[in-house]
Amino acid sequence: MGTGASKNSESSHGGEEREDNVDHSGEQLYVSLKMENDKCKGDLIPHVYGSVPLVGSWDPSKALSLERESTSTWELSFVVHPNHETLDFKFLLKPHDSNAPCIVEEGPNRLLAGGTLQGHAREALFLFSGDEVIEYRVFIKSDRLSPFDLAASWRVYHQNFQPSTVRGIPDISINVAPDTNIENGTATSLELDLEDYVVPAPVTSANSGLVYAANMTENPKSLTRSGNLYNSDSSSSGSDSNSTVGVSVEVDQPEIRKEMEVFVSDASKVYSSPDVAESKSVGTFSPTQKQEGYRGLFVDRGVGSPRLVKSSSQTTFTMDLKLDSETQNAMPEAAGAVAAGAVADQMLGPKEDRHLAIVLVGLPAQGKTFTAAKLTRYLRWLGHDTKHFNIGKYRRLKHGTNQSADFFRVDNAEGMEARNEVAALAMDDMISWMQEGGQVGIFDATNSSKARRNMLMKMAEGKCKIIFLETICNDAHIIERNIRLKIQQSPDYAEEPDFEAGLQDFKARLANYEKAYEPVEEGSYIKMIDMASGQGGQIQVNNISGYLPGRIVFFLVNTHLTPRPIFLTRHGESRANVRGRIGGDTVLSKAGEIYAKKLANFVEKRLKSEKAASIWTSTLQRTILTASPIAGFPKIQWRTLDEINSGVCDGMTYEEIKKNMLEEYESRKKDKLRYRYPRGESYLDVIQRLEPVIIELERQRGPVVLISHQAVLRALYAYFADRPLKEIPNIEVPLHTIIEIQMGVTGVQEKRYKLMD
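Now for a look at the structure at hand. Values in this document were obtained by computation on a predicted structure and should not be read as measured data.

One non-glycine residue, Asp530, adopts positive backbone phi at about 55°. Mapping Asp530 onto the fold places it in the loop between β24 (524–529) and β25 (537–542). The backbone of Asn543 sits at a positive phi, close to 55°, despite the residue not being glycine. Along the chain, the position of Asn543 falls in the loop between β25 and α11 (547–557). We classify Asn543 as partly exposed; its relative accessible area is 33%.

Structure below.
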């Protein structure tokens, strides 16, 4: 319950000596007494009695009861007045029947002076008639807390940390019998068709599936500037094949480790400027004045952004980090492992490795643009400045959309020159963007010949690192489906009224590419072979190293095109929601309980034909209780899905934070994305810990109902909707609303259901 650093902790295994000469002015002593027995008798309740300020009486009838924490643990916490820091007390067992005699522990009184237990730590022994002895393990802990920390902790305990109603539920469970209250005609049932509960999605909704993916890529800048056109020679210098032996990995969609939380300093803020000072809790910086002879002292706050602390001999803050502007620009807008990986790559790797170009390779209708769009969305969400450059978009802008299959013949010199020209223009645009601060460019084209790839490598030499990403599909059914989607969506066939004519033209175009296709064997590359179905496949990796390329490989291993829905919803209204308090672990309000039953009714109707669906919740009881009426599907608790940690502000209202912690309130208001609650998390921290959830959602082939919290769902929704990081803290995720994300070959589509106000 306490939020301060532990001053002293005593148990049956010994204790620590009290620290001397420590100034505790303004702090108060907080004491926690805990008793534990795995075989305790259910009719006996542990109590404590003794001197002021604990009870002020040695009368057993006035003893204070310890509160049950679990089936085997009892606890009592209290604050000691500064004038009464010596406590003399003993434990006793008191039956439920108040008329029955109490059983006082054996041995001398326990004495706690100034937060330190006097004498030897010991178990609590209770002697019953017939020489029966019951032994309790005793844990005595004391903390020195500031009045504010104490008030916040006390409020959280009394108002939020009520005894859990879901304790004992395993992390993975399934209830087969439906809730008897969920019947047609009741107040908790959905009496209308599900479509009647659909509400309009916001303008920034996740509906990329309704737009041709190539149209959502970067707009060509070179074609809008006069006098900046290339005449590329397609017969560039020969291949410089890499001698590194390739590694072929058979992939059978691996298990994902769900509980991976890595916390390191937020390096993106460390390198923001060589002369900066940081606000109290948020990574916003202001210029400082350098003075010769003074050096700054950098202190890591632990989990999060750095804080500058002044040493006793200095009068100004400085940071002596001599990084060039290009290195600073290459740092991701990220926290945790992403930032740590970026630091390692930027500081230790070659200069050109600071910028990464993922160059797609593959025949038409192999899923290149779809893969590029998903990878772009993933890297942006992690905090890397990423752009998707589609060469087909350049071609259509420069040469029009009415190019027939003959334009793509290998013996069409004019067509070959035109296609190489727009490829060079796109590559030039991408490199120019990287030099302005861009980090990862996705170069989306067939790039099916060694000559084309050599041209791109020559243009990138000394400027960025190229990794080729080749997609290969041998499934005729998938290729046919992709071709038909192309005819329906691609601007190349927007003016073709005859679908069959367009279909035959595209197949002729594909045949032209096949005649000149040369698989990737040079440089660094990743080959995805038959990965689209999500049922295994093969990934070949050659000469891949570094944190970010490794993350890209891991992401690609787990992606596929199998259509399936993902349902995102907040827990039902909690008692903390009613009171306007953040955090905590409260139960549902009456309205929240009704929503839980309506949600179960929705799931029953919407997923009645699904056999592979699963229900995911956080480990907080308000999400578990929301999921409890749902029957017939496995339920999985993820600690990763817990709400953003609000630290010492847990259990407070925003008005209370504004009143008592104005600096923190203003810092959060200025930058909600980077602001980290004292001893808590920022939105960037939440994104970092949610990466395993994203990977697992991508890997899943069946529907998932994900019940979580506002900040977590904002971050997850931003991934699917491809929203900028800065928008995440303000994304609308209302209570009692279901967001259906439909994932499939056409991209992402969204639908919202509002089950109740």
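Past the structure itself, the notes keep going.
The next thing to look at is the packing of helix α7 (residues 413–435) against helix α8 (residues 450–460). Closest axis-to-axis distance for the α7/α8 pair is 10 Å, and the angle between their directions is 30°. By the criterion of interaxial angle, the relationship of α7 to α8 is roughly parallel. Between α7 and α8 lies a crossing whose hand is right-handed. Residue-level inspection shows Arg419, Asn420, Ala423, Ala424, Met427, Asp428 and Ile431 of α7 in contact with α8, the latter providing Arg452, Met455, Leu456, Met459 and Ala460. When grouped by side-chain class, the residues that make up the contact of α7 with α8 number 8 nonpolar, 1 polar and 3 charged.

Taking strand neighbours across the sheet as the criterion, the 8 strands line up as β13-β28-β27-β29-β26-β30-β31-β14 in an open arrangement whose pairing is mixed. Edge strands, defined here as strands with exactly one partner in the open sheet, are β13 (172–173) and β14 (198–199). Of the strand pairs in this sheet, β14 and strand β31 (residues 747–754) are connected by 2 bridges, and their pairing is antiparallel. Residue pairing across strands places Val198 opposite Tyr753, the latter belonging to β31. Together, β26 (564–570), β29 (704–708), β30 (737–744) and β31 form the strand contacts of helix α18 (residues 710–721), whose direction differs from that of β26 by roughly 150°.

Right, let's talk about the nonpolar core for a bit. In terms of nonpolar packing, the biggest core is built from 70 residues, with Ile358 and Leu706 touching the most fellow members. For this core, the element with the most residues is α18, which contributes 10 residues. Filtering out sequence-adjacent residues up to four positions away, Ile358 remains in contact with Leu375, Val440, Gly441, Ile442, Phe443, Ile467, Leu469 and Ile552.

Before going further, it helps to examine helix α9 (residues 476–489). Residues that lie three or four places apart on an α-helix share one face, since the helix turns once every 3.6 residues. Between the first and last C-alpha of α9 there are 20 Å, a value that for 14 residues agrees with the 20 Å anticipated at 1.5 Å per step. Buried residues of α9: Ile478, Ile479, Asn482, Ile483, Leu485 and Ile487, and no others. Elements in contact with the buried residues of α9: α10 (499–516). Between a side-chain oxygen at the N-terminus of α9 and the backbone nitrogen of His477 the separation is 2.9 Å; the capping residue is Asp475.

Attention now moves to the pairing of β29. Most of β29 sits inside the fold, with 5 of its 5 residues counted as buried. Residues Val704, Leu706 and Ser708 of β29 are buried on one face, and the alternating residues Val705 and Ile707, pointing to the opposite face, are buried as well. Bridge analysis of β26 against β29 gives 5 bridges, and the strand direction is parallel. Each bridged residue has a counterpart across the sheet, and for Leu568 the counterpart in β29 is Leu706. With 4 bridges connecting them, strand β27 (residues 614–617) and β29 associate as parallel partners.

So, on to the packing of aromatic side chains. Each aromatic ring pair is characterised by the separation of its centres together with the angle its planes make. By the definition in use, this model includes 14 aromatic pairs. Here the aromatic rings of Trp381 and Tyr719 are separated by 5.8 Å at their centres, their planes lie at 75°, and the arrangement is edge-to-face. Of this pair, Trp381 sits in helix α5 (residues 368–382) while Tyr719 sits in helix α18, and the two are 338 residues apart along the sequence. An identical accessibility class is assigned to Trp381 and Tyr719; each is buried. Put simply, the rings of Trp381, Tyr719 and Phe720 pair up and form one aromatic cluster. Taking the ring centre of Tyr719 as reference, the NZ or CZ of Arg377 above it sits at 4.6 Å. Positioned over the ring face of Tyr717 is Arg752, at 5.3 Å from the centre of the ring.

The next point concerns empty space enclosed by the protein. Taken as a whole and assessed by the stated rule, the structure comprises 4 cavities of 30 Å³ or more. Space inside the largest cavity adds up to approximately 220 Å³. Surrounding the largest cavity, 20 residues form its lining, Gln366, Thr371, Met528, Met531 and Ala532 being those nearest its centre. For the lining of the largest cavity, the secondary structure elements donating two or more residues are α5, β23 (465–472), α9 and α11. Here the element with the most residues in the lining of the largest cavity is α5; it accounts for 4 residues.

On to the pattern of salt bridges. Scanning all chains against the criterion turns up 26 salt bridges. Between Glu521 and Lys450 there is a salt bridge; the shortest N-O distance is 3.9 Å. You can see Glu521 sitting in the loop between α10 and β24 and its partner Lys450 sitting in helix α8, a full 71 residues away along the chain. Two residues, Arg606 and Glu740, come together in a salt bridge whose shortest N-O distance is 2.6 Å. Within this pair, whereas Arg606 is found in helix α13 (residues 590–606), its partner Glu740 is found in strand β30, the two being separated by 134 residues in sequence.

Strand direction decides the pairing type here: strand β2 (residues 28–36) and strand β12 (residues 133–145), joined by 9 bridges, are antiparallel. Paired with Lys34 across the bridge in β12 is Phe139. Strand direction decides the pairing type here: strand β11 (residues 124–127) and β12, joined by 4 bridges, are antiparallel. Bridging across to β12, Ala124 finds its partner in Tyr136. The antiparallel pairing of β11 with β12 creates a hairpin that spans 5 residues between the two strands, and Gly130 there sits at a positive phi of about 80°.

Helix length check: α5 (15 residues) gives 21 Å between terminal C-alpha atoms against 21 Å at 1.5 Å per residue, within 8%. Counting buried positions along α5 gives 13 out of 15 residues, so the element sits mostly inside the fold. Within two residues after α5, Gly383 carries a phi angle of roughly 115°, on the positive side.

Examined against the element boundaries, Arg676 turns out to sit in the loop between α16 (662–670) and α17 (683–699). Arg676 gets classed as buried once you look at its relative accessible area, which sits at 4%. Of the polar contacts made by the side chain of Arg676, one reaches the side chain of Asp685; its length is 2.7 Å.

Parameters and conventions
Residues numbered from 1 in each chain as written. Predicted model: local features only at pLDDT ≥ 70, side-chain atom pairs only at ≥ 80, totals over all residues. Heavy atoms only, no water. Helix = DSSP H or I, 4+ residues; strand = E, 2+ residues; numbered from the N terminus. Buried < 20%, exposed > 50% of the residue type's maximum accessible area, 1.4 Å probe, protein only. Axes fitted to C-alpha atoms, helices over the stretch in contact; angles between N-to-C directions. Parallel < 35°, antiparallel > 145°, perpendicular 65-115°, else oblique. Left-handed = near helix turned anticlockwise from the far one by under 90°. Contact = heavy atoms within 4.5 Å. Nonpolar A, V, L, I, M, F, W, Y, C, P; charged D, E, K, R; others polar. Pairing = 2+ DSSP bridges. Core = buried A, V, L, I, M, F, W, Y, C linked by side-chain atoms within 4.5 Å. Expected span 1.5 Å × (residues − 1). Polar contact = N/O pair within 3.5 Å; in protein donor to acceptor, adjacent residues only side chain to side chain. Phe/Tyr/Trp six-rings, centres within 6.5 Å; stacked < 30°, edge-to-face > 60°. Lys NZ or Arg CZ within 6 Å of the ring centre and 35° of its normal. 1 Å grid on protein atoms, 1.4 Å probe; cavity = no way out; pocket = protein on both sides within 12 Å on 5 of 7 lines; lining within 4 Å. Points joined across faces, edges and corners; volume = space filled by probe spheres on them. Salt bridge = Lys/Arg side-chain N within 4 Å of Asp/Glu carboxyl O.

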